[in-house]
Structure formats: structure tokens, C-alpha cells
Amino acid sequence: MTEFVFRPAGVAALDARLEAAGLLDPAMEEVGRAVAEAAQGLAGGGPVLLLAGSGANGGDALVAARYLAGWGAEVRVLAAPSRHALTRLNRERLAAFGVEVGELTPGAVTREAWGSVVLVDGLLGTGFQPPLRLELAAVVEAVNAARGAGTRVLAIDLPSGLDATSAVPPGESVRADVTVAPVGLKPALLFGEAATRAGEVRVAALALPPDWAAGEAWATRPDDAAVAALLPVRRADAHKGTAGDVWIVGGAPGMVGAAALAGLGALRAGAGRVTLHSGAEVPLVTPELMVRRHGDPGGWLAGTGERPDAVAVGMGLGPGAAGLARTVLGWGLPTVLDADALQPELAGAGHDRCVWTPHPGEAARLLGVGTAEVTRDPLTAARGLQERFGGVVVLKGGPSVIAHPGGRWVSRGGHPGMASAGMGDTLAGVIAALLGQGLSAADAALAGVRLHARAGERAGIRHGYGLTATDVSAQLGGAWLDLTGGAGRGC
Ligand SMILES: NC(=O)C1=CN([C@@H]2O[C@H](COP(=O)(O)OP(=O)(O)OC[C@H]3O[C@@H](n4cnc5c(N)ncnc54)[C@H](OP(=O)(O)O)[C@@H]3O)[C@@H](O)[C@H]2O)[C@@H](O)CC1
Ligand SMILES: [K+]
């Protein structure tokens with residue numbers, strides 16, 4: 001399922017539309033039911049403790065308690081005074097089921113958690129404004145202590161205490177085993193330390209008027225079927241001239257490995273012909289990777305009339321890369337800019353056929369901010385880069401973000417072993433290969449990132465954390481088959 005990613009402003013806007021249409025009550029009912037089903041699955045018939053805060057997040061928990069009670073489960077409920085009309089209403093409905101609601105205090109949480117198999121955290125959701133007030137901080141501490149003693153924790157929307165927009169927790173928060181997120185994901189569920197506190201994240205889709213969720217979303221996370229549909233399909237009479245002529249421009253003396261890895265990535269992602277243009281002597285990586293050495297690569301690029309179908313520029317290129325990148329950008333061809341070609345002076349030089357592929361450190365250099373600012377909110381950073389540099393931006397990370405003129409995508413998958421040097425070079429080659437096979441910049445970026453991540457997953461099974469970029473390249477063909485279901489669309 002392709003999923004939406006919301007910031008609190010988007011959730012609030014959706015809430016307002018639902019409220020105006022009289023649909024907020026059924027929406028909360030759906031969320032509560034989805035939470036109850038998940039809690040029942042985790043509890044396996046054991047007692048469930050539900051904690052309800054004063055806002056709509058608490059309302060979701062009270063609805064869940066009613067469903068669980070109706071299904072015969074042993075439920076214990078502790079709630080703060082309700083400040084939201086629907087939360088109050090659902091407290092009354094719960095009372096009609098004969099369920100007593102206790103006062104929410106740290107001591108009560110510790111007491112009631114004793115013997116509860118599952119604890120449902122409905123304290124705070126997208127309405128939380130950090131920092132956490134003292135009274136709730138003590139409750140959060142009691143929740144985490146209960147988890148430490150063996151109670152499974154299910155968070156509604158977000159583990160309470162996380163700022164929905166940030167990869168960095170503002171302080172202590174609930175640590176969840178499972179998070180059930182209504183309508184869509186939140187940035188905190190995707191990135192950094194915050195995401196590690198959410199456990200397994202499940203999106204509970206709601207019955208909404210078509211396009212409402214899409215209209216308020218800040219980003220989307222496409223599923224593999226959507227990515228597979230972007231991959232090129234070859235006719236039986238395809239030949240190397242139709243599969244894309246790709247140039248890799250990189251590899252200054254002493255730095256040829258990065259460019260060679262990009263070349264290998266391009267070959268394994270289906271490029272018909274790959275030529276590495278370098279100012280250095282490049283050792284034979286694989287005989288299929290053609291190498292042309294130029295005494296003065298910049299001069300040669302500026303003067304040559306030869307043109308490929310796509311270019312990747314920057315890997316190991318060293319000082320002077322910005323000038324070469326500017327020359328290549330001037331051709332208006334499908335282009336990937338990576339590593340040394342990612343220079344602030346190229347702001348505004350991008351065109352609609354180019355893809356910039358910074359990692360967070362490079363992104364910070366391009367934006368003139370610290371790396372922590374980039375990693376705290378990768379979606380906003382990627383958007384800022386796209387606006388400043390033009391074209392399409394891939395902000396690499398776990399997960400990567402693709403910012404294009406029409407919005408933002410978050411990629412799926414990957415493997416922690418991919419945190420090793422050379423992975424980005426391979427990715428640049430993969431995206432160049434897809435550009436050379438006719439994909440648009442945005443599609444090549446999305447499909448390339450997913451293909452690369454899938455190849456990493458495959459290689460990770462064999463090599464674990466000892467994963468190299470060459471291992472990932474070797475799995476690109478298999479990754480392609482995984483995504484397309486084996487056959488591709490009529491190759
Ligand atoms: N459209 C959707 O997607 C749907 C969303 N739904 C649900 O709505 C949730 C959002 O609900 P929401 O807006 O009522 O906010 P919520 O997270 O319950 O928190 C508000 C409460 O937090 C409190 N509070 C704030 N800061 C605090 C602090 N620092 N320290 C301590 N307390 C603090 C604040 O207290 P107050 O400032 O009022 O005293 C207020 O009472 C969303 O996460 C999802 O679960 C579904 O029900 C339906 C469909
Ligand atoms: K919560």
C-alpha cells in the first residue's frame with residue numbers, strides 16, 4: 001500500500017474537514033477499532049491496560065477500550081480529564097459498557113500495569129507540544145518501567161512524548177513495541193532515534209472521501225508495485241544502443257574507486273554501454289566498463305561534441321568538480337550529480353532532467369546548515385535543497401527522501417549494512433542507468449533508490465553488516481526481478 005506521511009498541520013486540517021462534514025466521530029471509531037484489534041492480537045486473551053490523555057489521542061484509546069470490553073477482554077482504563085468533545089462522549093459510551101475509568105497517575109499506571117499483558121498508550125498524539133509537562137513525564141516513566149517488566153506497549157499514532165515532525169525526540173518518551181498510526185505515517189515514525197522508539201509501525205487506513213488524505217499529506221511512501229511500474233520494459237529486439245549510453249565523469253588520480261563503483265552500478269542496473277571518463281589511470285574493474293583517460297578532463301568535456309544518453313558526475317572527481325558539473329549541466333542531458341559535484345555554487349543550476357544525490361553531510365554543506373539540522377527533519381531539508389538547486393534531490397539515508405517539483409517521496413527498505421563507503425557511488429550509477437533507459441529524473445530517482453535498497457536487503461542476507469558496494473551491485477539484477485515479479489512488463 002502506498003502510504004501518506006503527515007505533519008501535525010496536515011492532521012489538523014484533515015480533522016477540521018472531518019469535523020465540518022460530521023465524519024470525525026466515525027473516524028475516531030475506526031481508529032479505536034483498529035487499535036483494539038491490534039491490542040487483542042498482542043494480548044492473546046490477557047488483560048489490557050489503556051491510558052487515555054485529554055485530547056483526541058485519548059479518545060481513540062477510550063473507543064478501543066469499548067471494543068475490547070465488548071469482545072470480552074479484561075480491560076483496565078486510566079484517563080486524564082477529557083478536553084475534547086469526542087473524547088468526553090467516548091468516555092460516556094465506555095461507562096455504558098460498565099467499564100470503570102480510573103484517574104491517570106504514575107502510581108495507578110504502575111499498579112494497573114502489573115498483570116496487564118498489553119498497555120495502550122493513548123496519552124499524546126499529534127497535538128503534543130514539547131516539552132512534556134512534569135505530570136505526564138512521570139506517567140511516561142511508569143509506562144516504560146512497565147515495559148521493562150514485560151508488558152507490551154502499543155502506541156496510538158505516536159509514542160507519547162515524540163514530536164511528530166522530528167527524528168530527534170525532544171526528551172523522554174514512551175518506548176513502544178507497536179505503533180498504530182491512523183490515516184498515515186508521521187516523520188517521527190520514519191527517521192532517526194524517534195523511529196526506533198515506535199517499534200513496528202502499522203498504518204490504519206480510514207474510510208475517507210477520496211483525495212482528502214492526499215490533499216493534506218506532506219509526503220508519500222510508494223509501495224513496491226508503484227516502483228515496479230516505473231522500471232523500463234525492454235522489447236525482445238533491444239540492443240546496447242537502445243539500453244542507454246551512460247558516462248561516468250569522475251575519478252581524479254588517487255580517487256578512482258568511487259567512479260569505478262558508479263560504473264559497475266550502472267552496468268548492473270541495465271545500462272547498454274558505460275564509459276568512465278577520468279583524469280586518472282583506472283585499474284580494470286570489469287572488462288565491460290570502458291575507460292577513457294583524459295589529461296585535462298575539464299577541457300575535453302568543454303570541447304567534445306560527443307554526447308551520451310545520461311551522465312553521472314562527481315564521484316572521486318576532487319577539486320574543480322563544480323566547473324565540470326557546470327559544463328555537463330549545460331548540455332541539458334539526464335544527469336546525476338554526486339559527491340564532489342555537490343557544491344553550493346551550483347545553486348539554481350539544476351534543470352528538470354537532473355538528480356542531486358547528497359548524503360546528510362553534503363546536504364548540510366549545500367544548505368549552509370549543520371548536519372544535525374538535516375537529519376532532524378530530512379523531508380524539509382530535501383524540499384529546501386530541491387527549491388534551491390532545481391531538478392530532483394535524493395537525500396540519502398535510512399530511509400532516503402526524494403524531493404521533486406511535485407512533492408516528496410520516502411523510500412522503503414534497505415539494510416543497516418549499507419552504511420559503508422561506496423554505496424552512494426553505486427546508487428549514482430544506478431540512477432544514471434535508469435535515466436539512460438528513458439525514465440524521468442523523478443522516476444529514475446525513486447526507482448533507483450528502491451532498487452539499490454532492495455539489492456542491499458538481498459546482499460545483507462549473505463553478508464550482514466560486512467556489506468560492500470560491490471556486493472550490492474551484484475544483487476541489482478535480482479532486486480529488479482524481485483520488484484517486477486520476475487518477468488518485468490513484457491521484456
Ligand atoms: N485526522 C486524523 O488523522 C485523526 C486523528 N485522530 C487522533 O487525534 C490525535 C490528535 O488529537 P489532538 O489534536 O486532540 O491532540 P492530542 O495528540 O490528543 O494531544 C492534545 C492534548 O495534549 C495535551 N498536551 C499538549 N502538549 C502537552 C505537553 N507538552 N505536556 C502535556 N500535555 C500536553 C493537551 O493538553 P492541554 O494543552 O489542552 O492542557 C491536549 O489536551 C491524533 O494523534 C490521533 O490519535 C483520530 O482520533 C481521528 C482521525
Ligand atoms: K500516543
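In what follows, the structure referred to is the one given above.
Parameters at a glance
- Residues numbered from 1 in each chain as written.
- Chains lettered and ligands numbered in written order.
- Predicted model: local features only at pLDDT ≥ 70, side-chain atom pairs only at ≥ 80, totals over all residues.
- Heavy atoms only, no water.
- Donors = N, O, S within 2.8 Å, 3.2 Å for Na, K, Ca; no water.
- Tetrahedral: all angles 85-135°; square planar, octahedral: opposite > 155°, others 65-115°.
- Helix = DSSP H or I, 4+ residues; strand = E, 2+ residues; numbered from the N terminus.
- Buried < 20%, exposed > 50% of the residue type's maximum accessible area, 1.4 Å probe, protein only.
- Pairing = 2+ DSSP bridges.
- Right-handed = clockwise from strand over helix to strand, strands pointing away.
- Contact = heavy atoms within 4.5 Å.
- Axes fitted to C-alpha atoms, helices over the stretch in contact; angles between N-to-C directions.

**Q** Looking at this model, I keep getting lost on the coordination of the potassium ion (ligand 2). Mind explaining?
**A** Protein coordination of the potassium ion (ligand 2) is provided by Asn 57 (OD1), Asp 121 (O), Leu 124 (O), Ile 156 (O), Leu 158 (O) and Ser 160 (OG), with donor distances spanning 2.6 to 3.1 Å. Viewed at the metal, the six donor atoms of the potassium ion (ligand 2) are separated by angles of 68 to 167°, and the geometry they form is irregular. Each donor residue of the potassium ion (ligand 2) lies on the same chain, and together they follow the pattern N-x63-D-x2-L-x31-I-x1-L-x1-S. Taken together, the residues span a long stretch of sequence, with Asp 121 in strand S5 (residues 118-122) and Ile 156 in strand S6 (residues 152-156) at a distance of 35 residues. Each member of the pair, Asp 121 together with Ile 156, is buried.

**Q** Is there a simple way to explain the pairing of strand S13 (residues 310-313) in this structure?
**A** For a regular strand, the rule is simple: side chains alternate between the two faces of the sheet. Of the two faces of S13, the one lined by Ala 310 and Ala 312 and the one lined by Val 311 and Val 313 are each fully buried. Strand direction decides the pairing type here: strand S10 (residues 245-249) and S13, joined by four bridges, are parallel. Within S13, the residue paired with Trp 247 across the bridge is Val 311. Relative to strand S14 (residues 335-337), S13 is paired through three bridges, and the arrangement is parallel. Paired with Val 313 across the strands is Leu 337, a residue of S14. Note that the unit made of S13, helix H12 (residues 321-330) and S14 has a crossover that is right-handed.

**Q** Please explain helix H13 (residues 360-367) as it appears in this structure.
**A** Residues spaced three or four apart along an α-helix face the same direction, because each turn holds 3.6 residues. Among the residues of H13, those classed as buried are Glu 362, Ala 363, Ala 364, Leu 366 and Leu 367. The inward-facing, buried residues of H13 abut helix H14 (371-376), helix H15 (378-389) and strand S16 (392-395). In the segment just after H13, Gly 368 is the residue with positive phi, at about 70°.

**Q** I'm lost on the sheet that holds S6 in this one. Help?
**A** Within a sheet, neighbouring strands are paired by backbone hydrogen bonds and run either parallel or antiparallel to one another. Pairing is parallel across the open sheet formed by seven strands, whose spatial order is S4-S3-S2-S5-S6-S7-S8. Here the strands that pair on one side only, and so sit at the sheet edges, are strand S4 (101-103) and strand S8 (200-204). Strand-to-strand twist across the sheet, computed as the mean angle between neighbouring axes with direction ignored, equals 20°. As defined by bridge partners, strand S7 (residues 178-182) adjoins S8 across five bridges and the pair is classed as parallel. Bridge assignment links Val 180 to a residue of S8, and that residue is Arg 202.

Keep in mind that these numbers describe shape and distance, not what the molecule does.
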